[in-house]
Amino acid sequence: MRISILTIFPEMVRAPLEESILKRAREKGLIRTEVVNIRDFATDRHQSTDDYPYGGGPGMVMKPEPIYAALRAVCAGGPPPNQEVPGRAILLTSPAGEVFNQAMAHELAQYTHLVIICGHYEGVDDRVRELAHAREISIGDYVLTGGELPALVITDAVSRLVPGVLGGEESAAEESFSEGLLEYPQYTRPFEFEGLQVPAVLLSGHHEEVRRWRRRQSLERTLARRPELLEQAHLTEEDKRFLAEIQSRTKEAELLAAGEDTTGGV
Ligand SMILES: C[S@@+](CC[C@H](N)C(=O)[O-])C[C@H]1O[C@@H](n2cnc3c(N)ncnc32)[C@H](O)[C@@H]1O
């Protein structure tokens, strides 16, 4: 997979691509990243990449010409940016975009070329989005100063799903969101730390019991922290029974705490 990141702050993006799993993936040739400085495509004397907004208002807006010229350059050798091509996606980072999640990361991991545009100031002249059929992506409901961190978030989440990027020891199959649930808690040595012991079942060597414990922990955490995820999760009949059990236990505890009789008045 090729990932092209278009930015006016290339140094903000480079270092994270040169560490850990992303570095290994690049060295193995599983992903190819290029960081393109939009300023190199500015043609005026001051190499400007932004200008005042039409209609007035605060801040500056990123000019379309340098970004579009940078897009042309990264698409060279293939169809131009205004032509939609299977296998290539042009993404525009924006707090007003679709919210990025694990399902979208899986979807984007199917492409062979991702182009990510980093905005700044008040954002990017909207004609870039329109011309390049760019998909606007937000990494969450908050506003950052620029699109570099979102571009790295997307690059990281997508790259680790490219086959071969994660070694056998770092499996994407069981982690949070993989089945629509949050992951169970993890432990490593020592067995006891500051008086806290690892749950005994994890030392039992009984694979089926470990599986059931982890599944129940996942369900319990998801119910407590992100109950809305359960609506889309793949749940077995056993999962549903377990969730019903937790809910009735919680209800009972709430009633007890409120000083009510849970025995049916006997
Ligand atoms: C200060 S923001 C612009 C905010 C814009 N005026 C608005 O209200 O939607 C500058 C740039 O940072 C990036 N950015 C900020 N927050 C983001 C988020 N939550 N997700 C993705 N990109 C974001 C985008 O590239 C955006 O163009």
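Residues numbered from 1 in each chain as written. Predicted model: local features only at pLDDT ≥ 70, side-chain atom pairs only at ≥ 80, totals over all residues. Heavy atoms only, no water.

**Q** Go over the overall build of the chain, please, and point to the residues and values.
**A** In terms of regular secondary structure, the chain is built from eight helices and nine strands. C-alpha atoms of the chain, sized along the principal axes, occupy 85 × 45 × 40 Å. Within the chain, contacts between residues at least 6 apart in sequence are counted, and of these 71% link residues at least 24 apart. As displayed, the chain has an accessible area near 15900 Å², and 52% of this comes from carbon and sulfur atoms. Considering the chain, the positive charge centre built from 29 side chains and the negative charge centre built from 42 side chains are found 5 Å apart. (Helix = DSSP H or I, 4+ residues; strand = E, 2+ residues; numbered from the N terminus. Contact = heavy atoms within 4.5 Å. Areas by Shrake-Rupley, 256 points an atom, 1.4 Å probe, with all protein chains shown as cover. Lys, Arg positive; Asp, Glu negative; His and termini not counted. Charge placed at Lys NZ, Arg CZ, Asp CG, Glu CD.)

**Q** Talk me through the pattern of salt bridges; I want residue IDs and the actual numbers.
**A** Taken as a whole and judged by the stated rule, the model has 16 salt bridges. Where Glu 11 meets Arg 14, a salt bridge forms, and the shortest distance between an N and an O atom there is 2.6 Å. Taken together, the positions of Glu 11 and Arg 14, both in helix α1 (residues 10-17) and three residues apart, correspond to about one turn of that helix. Arg 211 is the partner of Glu 208 in a salt bridge, and the nearest nitrogen-oxygen pair spans 2.8 Å. Remark: Arg 211 and Glu 208 occur in helix α7 (residues 207-225); sequence separation between them is three residues, near one turn of the helix. A residue is classified by how much of its surface remains accessible, and Glu 208, at 39% relative accessible area, is partly exposed. A cluster of three or more residues bridged by salt bridges with shared partners is formed by Glu 98, Glu 107 and Arg 135. (Salt bridge = Lys/Arg side-chain N within 4 Å of Asp/Glu carboxyl O. Buried < 20%, exposed > 50% of the residue type's maximum accessible area, 1.4 Å probe, protein only.)

**Q** Run through helix α8 (residues 237-257), naming residues and quoting values.
**A** The α-helix winds at 3.6 residues per turn, so residues separated by three or four positions along the chain end up facing the same way. Helix length check: α8, at 21 residues, gives a terminal C-alpha distance of 30 Å against a target of 30 Å (1.5 Å per residue), a fit within 8%. Buried residues along α8 sit against α7. (Expected span 1.5 Å × (residues − 1).)

**Q** Describe the layout of surface pockets, and please don't skip the residues or the numbers.
**A** Volume-wise, the largest pocket comes out at about 400 Å³. Lining the largest pocket we find 24 residues, and of these Thr 93, Ser 94, Pro 95, Gly 119 and Gly 123 sit closest to its centre. Of all elements in the fold, only β5 (88-99) and β7 (135-138) reach the threshold of two or more residues within the lining of the largest pocket. No other element matches the five residues that β5 contributes to the lining of the largest pocket. (1 Å grid on protein atoms, 1.4 Å probe; cavity = no way out; pocket = protein on both sides within 12 Å on 5 of 7 lines; lining within 4 Å. Points joined across faces, edges and corners; volume = space filled by probe spheres on them.)

**Q** Residue-level account of the environment of Tyr 52, with values.
**A** By the secondary structure assignment, Tyr 52 is in the loop between β3 (50-51) and β4 (61-62). Here Tyr 52 falls in the exposed class, since its relative accessible area comes to 65%.

**Q** Explain the domain arrangement of the chain to me, using residue names and the numbers behind them.
**A** As assigned here, the chain comprises domain 1 (2-159) and domain 2 (192-257). Taking the mean C-alpha position of each, domain 1 and domain 2 sit 40 Å from one another. (Domains from an automatic or database assignment.)

**Q** Give a description of the environment of Val 198 that names residues and reports values.
**A** With respect to the helices, strands and loops of the structure, Val 198 is situated in the loop between β9 (196-197) and α7. C-alpha separation for the pair Val 198 and Ser 178, spaced 20 residues apart in sequence, amounts to 24 Å. Dropping the residues within four chain positions of it, Val 198 is found in contact with Tyr 187, Thr 188, Pro 190, Phe 191 and Leu 203.

**Q** Outline the site of the ligand, supporting the account with residue identities and numerical values.
**A** Close to the ligand lie 19 residues, the nearest being Thr 93, Gly 119, Ile 139, Tyr 142 and Leu 144. Within the backbone of Ser 94, a nitrogen or oxygen atom sits 3.3 Å from a nitrogen atom of the ligand. Glu 122 has a polar backbone atom sitting 3.1 Å from a nitrogen atom of the ligand. For the ligand, the accessible surface in isolation is 580 Å², of which the surrounding protein chains cover 82%. (Near = heavy atom within 4 Å. Polar contact = N/O pair within 3.5 Å; in protein donor to acceptor, adjacent residues only side chain to side chain.)

**Q** So what about the side chain of Arg 88? Which residues, and what values?
**A** Locating Arg 88 in the fold gives a position in strand β5. In this structure, Arg 88 is buried with no salt-bridge partner, the nearest side chain bearing the opposite charge being Glu 84 at 8.8 Å. Polar side-chain contacts of Arg 88 include one of 2.6 Å to the backbone oxygen of Pro 79.

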